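# Structural description and commentary
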Amino acid sequence: PWPTPTLGDVRTGSLSGSVATLSNQVLRAGKMAMLTLRFTKTDGSPADITPYLGAFAHVIATPTDGDSLIHIHPMNGSLPNEGMVHVTFPEAGDYRIWVQFIDAGVLKTVPLSVTVTK
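Throughout what follows, the structure given in this document is the object of discussion. (Residues numbered from 1 in each chain as written. Predicted model: local features only at pLDDT ≥ 70, side-chain atom pairs only at ≥ 80, totals over all residues. Heavy atoms only, no water.)

## Observations concerning the nonpolar core
- Residues Leu37, Phe39, Phe89, Ile97 and Val99 are the most contacted members of the largest nonpolar core, which totals 26 residues.
- For this core, the secondary structure elements donating two or more residues are β2 (18-22), β4 (32-41), β6 (58-63), β7 (70-72), β9 (82-88), β10 (93-103) and β11 (106-117).
- Residues contacting Leu37, with those up to four places away along its chain left out, are Thr21, Leu22, Phe56, Ala57, Val59, Asn81, Glu82, Gly83, Val85 and Val99. (Core = buried A, V, L, I, M, F, W, Y, C linked by side-chain atoms within 4.5 Å. Buried < 20%, exposed > 50% of the residue type's maximum accessible area, 1.4 Å probe, protein only. Helix = DSSP H or I, 4+ residues; strand = E, 2+ residues; numbered from the N terminus. Contact = heavy atoms within 4.5 Å.)

Structural data, given as structure tokens:
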């Protein structure tokens, strides 16, 4: 089972020595946001990211009621452990996020969450 994200603005999470971090832009309902997604080790060094299902990561989000699913496609960045995600959250509120990636050959799922304003 995947870990359940804590609600609120929790943009950094870790699992088994890997850290996933979403940048801290203000998120507004109905407006597209471009967020940086970065992977490191817990000591701050870059994570050893390899593609998973054709992308450097896969990201999904759900509102607190779980009635919908947002599949967020990331784009590779200039560094192998960093990329961009483009997302539009339809309504204000908290969203649970799960980030899947392969670090040093191991598939990991890290929970995050964001708060979207009006």
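## A short note on the pattern of salt bridges
- Going through the model one piece at a time under the given rule, you end up with three salt bridges.
- We note a salt bridge from Arg38 to Glu82, for which the minimum N-O separation is 2.6 Å. Taken as a pair, Arg38 in strand β4 and Glu82 in strand β9 lie far apart in primary sequence, 44 residues in all.
- A salt bridge links Lys41 to Asp103, with the shortest nitrogen-to-oxygen separation between them at 3.0 Å. Residue Lys41 is located in strand β4, and its partner Asp103 is located in strand β10; the two are separated by 62 residues in the primary sequence.
- Take Lys41: its relative accessible area is 23%, and that puts it in the partly exposed class. (Salt bridge = Lys/Arg side-chain N within 4 Å of Asp/Glu carboxyl O.)

## Brief notes about the pairing of β4
- Examined bridge by bridge, β2 and β4 share five bridges and lie antiparallel to one another. Among the inter-strand pairings, Leu22 is bridged to a residue of β4, identified as Leu37.
- Bridging between β4 and β9 involves seven bridges; their strand directions are antiparallel. Each residue of the ladder has a partner; that of Ala33, found in β9, is Val87. (Pairing = 2+ DSSP bridges.)

## Focus: the environment of Trp98
- The residue Trp98 is located in strand β10 in this model.
- Overall, the relative accessible area of 13% leaves Trp98 in the buried class.
- Each C-alpha atom, one on Trp98 and one on Met75, is 16 Å from the other, the two residues being 23 residues apart in sequence.
- Trp98 has contacts with Trp2, Pro3, Pro5, His58, Val59, Ile60, Thr62, Thr109, Val110 and Pro111, leaving out every residue within four places of it along the chain.

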